[in-house]
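Structural description and commentary
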Amino acid sequence: MKKIKSLLLASLLLVAGGAKAFAADAKSTDSENFLRPINVQNAYIDTEKKWETRVGFDWARRSQGLGGARLRQNSFNLPRVEVRRSFDTPIPTRIGISQSLNAGVNSLSGAYDNGSFGFGNLGLSLEAALVNKKEFASTLYFNQQFPFAHSTSLNNALWRPANGTDAYSFQTGLQTQFALGDNLTVYSDLGYRYDDYDKDVVAQSFVYSTEAVLDTNTPINLSMGMLGMSTYDGKSLSSRGAHLGGTDIRLVPGLIIPLGEDKNTQFRLGFPIGVTNDAADFGVQASLFAAL
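Residues numbered from 1 in each chain as written. Predicted model: local features only at pLDDT ≥ 70, side-chain atom pairs only at ≥ 80, totals over all residues. Heavy atoms only, no water.

1. Describing the overall build of the protein chain
Operational definition: To qualify as a helix, a DSSP run of H or I must reach at least 4 residues; to qualify as a strand, a run of E must reach at least 2; elements of each kind are numbered from the N terminus. Method for areas: the Shrake-Rupley scheme with a 1.4 Å probe, in which residue coverage is limited to the protein chains shown.
Secondary structure summary: the protein chain contains 2 helices and 14 strands in total. Here the protein chain has roughly 13,000 Å² of accessible surface; of this, 62% comes from carbon and sulfur atoms.

2. Let's talk about the packing of aromatic side chains
The following threshold applies: Working definition: a ring pair exists when centres of Phe, Tyr or Trp rings (six-membered ring for Trp) sit within 6.5 Å. Plane angles under 30 degrees give stacked, over 60 give edge-to-face, the rest tilted. Burial here depends on accessible area, computed with a 1.4 Å probe over protein chains only, as a share of the maximum for the residue type. Under 20% is buried, over 50% is exposed, and the range in between is partly exposed.
Summed over the entire model, instances satisfying the criterion amount to 7 aromatic pairs. Ring geometry for Phe206 and Tyr208: centres 5.2 Å apart, planes at 40°, overall tilted. The exposure class assigned to Phe206 is partly exposed, which follows from its relative accessible area of 33%. Given a relative accessible area of 1%, Tyr208 falls into the buried group. Members of the aromatic cluster, joined through ring pairs, are Phe142, Phe170, Tyr192 and Tyr194.

3. Some thoughts on the environment of Leu122
Quick note on the threshold: The contact rule is simple, with two residues in contact once any of their heavy atoms fall within 4.5 Å.
Relative to the helices and strands, Leu122 resides in strand E5 (residues 122–132). Owing to a relative accessible area of 22%, Leu122 belongs among the partly exposed residues under this scheme. The contacts of Leu122, once residues within four sequence positions are left out, are Ile97, Ser98, Gln99, Gln144, Gln145, Phe146 and Phe148.

4. Considering the environment of Thr53
Along the chain, Thr53 turns up in strand E1 (residues 51–66). For Thr53 and Leu292, which are 239 residues apart along the polypeptide, the C-alpha to C-alpha distance reads 8.3 Å. Excluding residues that lie within four positions of it along the chain, Thr53 makes contacts with Glu82, Val83, Leu288, Phe289 and Ala290.

5. What about a nonpolar patch on the surface?
As a reminder of what qualifies: To count toward a patch, a residue needs a relative accessible area over 30% and no salt bridge; like charges are then connected within 9 Å, while nonpolar side chains (Val, Leu, Ile, Met, Phe, Trp, Tyr) are connected within 5 Å. When a carboxyl oxygen of Asp or Glu lies within 4 Å of a side-chain nitrogen of Lys or Arg, that pair is called a salt bridge.
Taken together, the side chains of Phe87, Ile95, Leu126 and Phe142 present a nonpolar region at the surface, about 320 Å² in accessible area. For Leu126, a relative accessible area of 48% corresponds to the partly exposed category.

6. Observations concerning the pattern of salt bridges
In the structure shown here, the tally under the stated rule is 11 salt bridges. Put simply, Arg36 and Glu52 hold a salt bridge, and the shortest N to O gap is 3.1 Å. Here Glu52 lies in strand E1 and Arg36 lies in the loop between helix H1 (2–19) and E1, a separation of 16 residues in the sequence. When sorted by exposure, Arg36 lands in the same class as Glu52, which is buried. Note that Arg84 and Glu127 form a salt bridge whose closest N and O atoms lie 2.5 Å from each other. Of this pair, Arg84 sits in strand E2 (residues 69–87) while Glu127 sits in strand E5; the two residues are 43 residues apart in sequence, bridging distant segments of the chain. Across the pair, Glu127 and Arg84 agree in class, each one buried. What emerges from the salt-bridge pattern is a single network uniting Arg36, Glu52, Arg54, Arg80, Glu82, Arg84, Arg94 and Glu127.

7. Some details on unusual backbone geometry
Looking along the chain, the bond that leaves Leu78 and enters Pro79 is cis, with omega of -5°. Here Pro79 shows up in strand E2. Even without being a glycine, Asn217 presents a positive backbone phi close to 60°. Mapped onto the fold, Asn217 is located in the loop between strand E9 (201–214) and strand E10 (221–234).

8. What to know about the confidence of the model for the protein chain
Our working rule: Values of pLDDT, ranging from 0 to 100, describe the predictor's confidence in every residue of the model.
Overall, the predicted model of the protein chain reaches an average pLDDT of 86, with 83% of residues at or above 70. Taken together, the stretch residues 1–31 has pLDDT below 50 and engages in 51 contacts with residues farther than four places along the chain or on a different chain.

9. Digging into the pairing of E5
Here is the rule we go by: For two strands to count as paired, DSSP must find a minimum of two bridges between them.
As defined by bridge partners, strand E3 (residues 93–108) adjoins E5 across 6 bridges and the pair is classed as antiparallel. In the strand pairing of E5, Ser98 is matched with Gly123. Pairing analysis gives 10 bridges linking E5 to strand E6 (residues 136–146), with the strands arranged antiparallel. For Glu127, the partnering residue across the bridge sits in E6 and is Tyr141. Taking the residues between adjacent antiparallel strands as the criterion, E5 and E6 are bridged by 3 residues.

10. What about empty space enclosed by the protein?
What counts is decided by this rule: Two kinds of site are reported from a 1 Å grid over the protein atoms alone, namely cavities, where a 1.4 Å probe fits but cannot get out, and pockets, open sets with protein on both sides within 12 Å along at least five of seven lines, and residues are called lining when an atom falls within 4 Å of a point. Grid points are joined across faces, edges and corners, and a volume is the space filled by probe spheres set on the points. Residues were grouped as follows: Ala, Val, Leu, Ile, Met, Phe, Trp, Tyr, Cys and Pro as nonpolar; Asp, Glu, Lys and Arg as charged; and all remaining residues, including Gly, as polar.
Under the criterion given, the structure shown has 4 cavities of 30 Å³ or more. Roughly 830 Å³ of internal volume is contained in the largest cavity. Surrounding the largest cavity, 47 residues form its lining, Asn39, Arg80, Glu82, Trp159 and Ala162 being those nearest its centre. The element that contributes the greatest number of residues to the lining of the largest cavity is E1, accounting for 7 residues. Its residues assigned to classes, the lining of the largest cavity comprises 20 nonpolar, 18 polar and 9 charged.

Set out below in structure tokens:
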């Protein structure tokens, strides 16, 4: 519990620290590209390179004791594709759409093995910049997910804010990014999430994620993320076969490799490690980012 409290405090301090720079102008003409975080959306909205595309392959594994046996869950994005488009309006805005192809396998020792394969949820996003400078940016967002996934095994162990569950969901909050010197940038996401299954099954969650990206000026750059989500209101969730309760915290060390000097294309590797019992134990992420 002390470890969880320390991680929560660190995340909130990073968000609060960035807010001190809120006096920045609302528009930026700086068109130089920059390294993008692996899991936390960049708050800066580039109104010159208007298209952002991410193609990600993810694997996450969860193992837990269940009635004297052991339940093992493996979930995959094969892949997950996200496209965002920005608009150079008086208040810079960005819209996005995402979809995935998923596979999931559940195995209960000595009892059964089953799996599913199919499309994941359809995601739509809308963002509006309050401050839009690369040294400090702050953006309001509203994300929705529509339940295309036909089985909870498709995304049981994956990161719920990105992949959702078999429910209509929305998430709203504040994204920030701020530079600490010339080489280190910190990104954060602080938001509220609501998953609506039916009249008697809902989940409300607090999302708090932070990712630091170190530009080493070499072909290999470093990142460290902390993905956090606490579900504080869930009704009849276990009856849906979904793992949604408690606090899900994952640490994600990673590597970011620009493919070209302009950094318009970036290859990223992440290695999520579950910190709490409600998180997946471990996983692997491989993704490609492109700005156009």
